[in-house]
Amino acid sequence: MEAKFCMSCGAALETRDVDGTTRRACTACSFVHWGNYSVGVGALVMRAGKLLLVRRAQEPGKGRWTNPGGYIEQQELIHDTIQREVLEETGVEAVVTKIVALRDLPRSIHNLYIAFDMEYVGGEPIPDGVEVDAAGFYSLEEMASMNVADFTRWLIDVAIHAESAGLVVDENPIVPMAGYGLYRVPDDRTDRK
């Protein structure tokens, strides 16, 4: 769907060249519609050597097993999003430890997906009955006979074979930036107080 009206002032948008790319731009103000984007997040939660998976009850991927996840809300930090999504879909409480993978999928709505390694805190997997109809912790052996989505299989491989610490939350950046979610490659200063 093509944007027709300015999200800033409501005037009509026209198609014109903006920095060498054809974009929709406002005829009355400086607003440029830069495109359609979505950001998804996914959780890799381990407990006793088993990974938390959910079976999709809706399209896309109905009937396939995936890691829990969802899309960020406009005013929500991504680590809050993934913690909320895991709790909503499975009843499991988990906290972010690091970012382990990133998927870039350009299409009509450009999708960016961020995968988080998460530490299990508590709760037993109970599906929400809306987005997912089954949830549980599964071993690699158990997953071999399950209908696990290809992208989830890739994420599992990434998580199992990760040799670096990934990107970790920067709890104490050198410059305070309220409202930012900051992640960095760990170094000897990462744990500074």
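Residues numbered from 1 in each chain as written. Predicted model: local features only at pLDDT ≥ 70, side-chain atom pairs only at ≥ 80, totals over all residues. Heavy atoms only, no water.

1. Quick notes on helix α3 (residues 150-161)
Short version of the rule: Helix numbering and strand numbering both begin at the N terminus, where a helix is a DSSP run of H or I of at least 4 residues and a strand a DSSP run of E of at least 2. The span you would expect from a helix comes to 1.5 Å times its residue count less one. To sort residues, take the accessible area from a 1.4 Å probe on protein chains only and compare it with the maximum for the residue type: under 20% means buried, over 50% means exposed, and anything in between is partly exposed. Here the arc refers to the set of directions running from the helix axis out to each C-beta atom. Two residues qualify as a contact provided that any one of their heavy atoms is within 4.5 Å of a heavy atom in the partner residue.
With 12 residues, α3 should cover 16 Å at 1.5 Å per step; its first-to-last C-alpha distance of 17 Å lies within 8% of that length. All of the buried residues along α3 are T152, L155, I156 and V158. Down the axis, α3 shows its buried residues gathered within 160° of arc, on one side only. Opposite its buried face, α3 presents the exposed residues D150 and H161, each directed more than 90 degrees away. On its buried face, α3 sits against β4 (37-47), β5 (50-56), β6 (65-66), β8 (93-105), β9 (110-122) and α2 (140-143).

2. Describing the pairing of strand β2 (residues 21-26)
Where we set the bar: Here, any two strands with at least 2 DSSP bridges between them count as paired.
Note: strand β1 (residues 13-18) against β2, six bridges, orientation antiparallel. Across the sheet, L13 pairs through a bridge with C26, a residue of β2. Counted along the chain from β1 to the antiparallel partner β2, the turn is two residues long, and its residue D19 has a positive phi close to 55°. Counting the residues in the hairpin turn of β2 and strand β3 (residues 32-33) gives five residues.

3. Details of the side chain of R56
Here is the rule: Working convention for charge: Lys and Arg count positive, Asp and Glu count negative, and His plus the chain ends are omitted. By definition, a salt bridge exists where a carboxyl oxygen of Asp or Glu is found within 4 Å of a side-chain nitrogen of Lys or Arg.
Looking at the element boundaries, R56 is found in strand β5. Look at R56: it is buried, it has no salt bridge, and the nearest opposite charge is E131 at 4.1 Å. With residues near it in sequence (within four places) discarded, R56 still touches G61, K62, G63, R64, T66, E131, V132 and D133.

4. So, the UniProt feature "domain: Nudix hydrolase" (unreviewed entry) in the protein
The condition is simple: UniProt positions are given in the numbering used here, feature names are shortened, and annotations may be inferred rather than shown by experiment.
Those residues carrying the UniProt feature "domain: Nudix hydrolase" (unreviewed entry) are residues 36-161 in this numbering. Here residues 36-161 runs as 23% helix and 44% strand, with 33 Å between its end C-alpha atoms.

5. Notes on the environment of M118
As for its position among the elements, M118 is in strand β9. M118 sits in the buried class, given a relative accessible area of 3%. Expressed as a C-alpha distance, the spacing of M118 and L105, which sit 13 residues apart in the sequence, is 23 Å. If we skip the residues at most four places from it in the chain, M118 touches A43, L44, V45, M46, I82, Q83, V86, A94, V95, V96 and T97.

6. Quick notes on the sheet that holds β2
On the basis of which strands lie adjacent, the open sheet formed by three strands has the order β1-β2-β3 and antiparallel pairing. The two strands at the open ends of the sheet, each matched to only one other strand, are β1 and β3.

7. Topic: the packing of aromatic side chains
Each pair of aromatic rings is reported with the distance of its centres and the angle of its planes. Quick reminder of the rule: Aromatic rings from Phe, Tyr and Trp, with only the six-membered ring used for Trp, were paired whenever their centres fell within 6.5 Å, and each pair was classed as stacked if the ring planes differed by under 30 degrees, edge-to-face if by over 60, and tilted otherwise.
Counted under the stated rule, the structure contains five aromatic pairs. The interplanar angle of 90° and the centroid separation of 5.7 Å between the aromatic rings of Y120 and F137 together place this pair among those described as edge-to-face. Linking Y120 in strand β9 with F137 in strand β10 (residues 132-138), this pair joins segments that are 17 residues apart in sequence. Given a relative accessible area of 22%, Y120 falls into the partly exposed group. For F137, a relative accessible area of 9% corresponds to the buried category. For the ring pair F151 and W154, a centre distance of 5.8 Å and an interplane angle of 15° mean the geometry is stacked. Highlighted residues: F151 and W154, both in helix α3, separated by three residues, approximately one helical turn. Residue W154 is classed as partly exposed on the basis of its relative accessible area of 41%. Chaining the aromatic ring pairs together yields one cluster made of Y113, F151 and W154.

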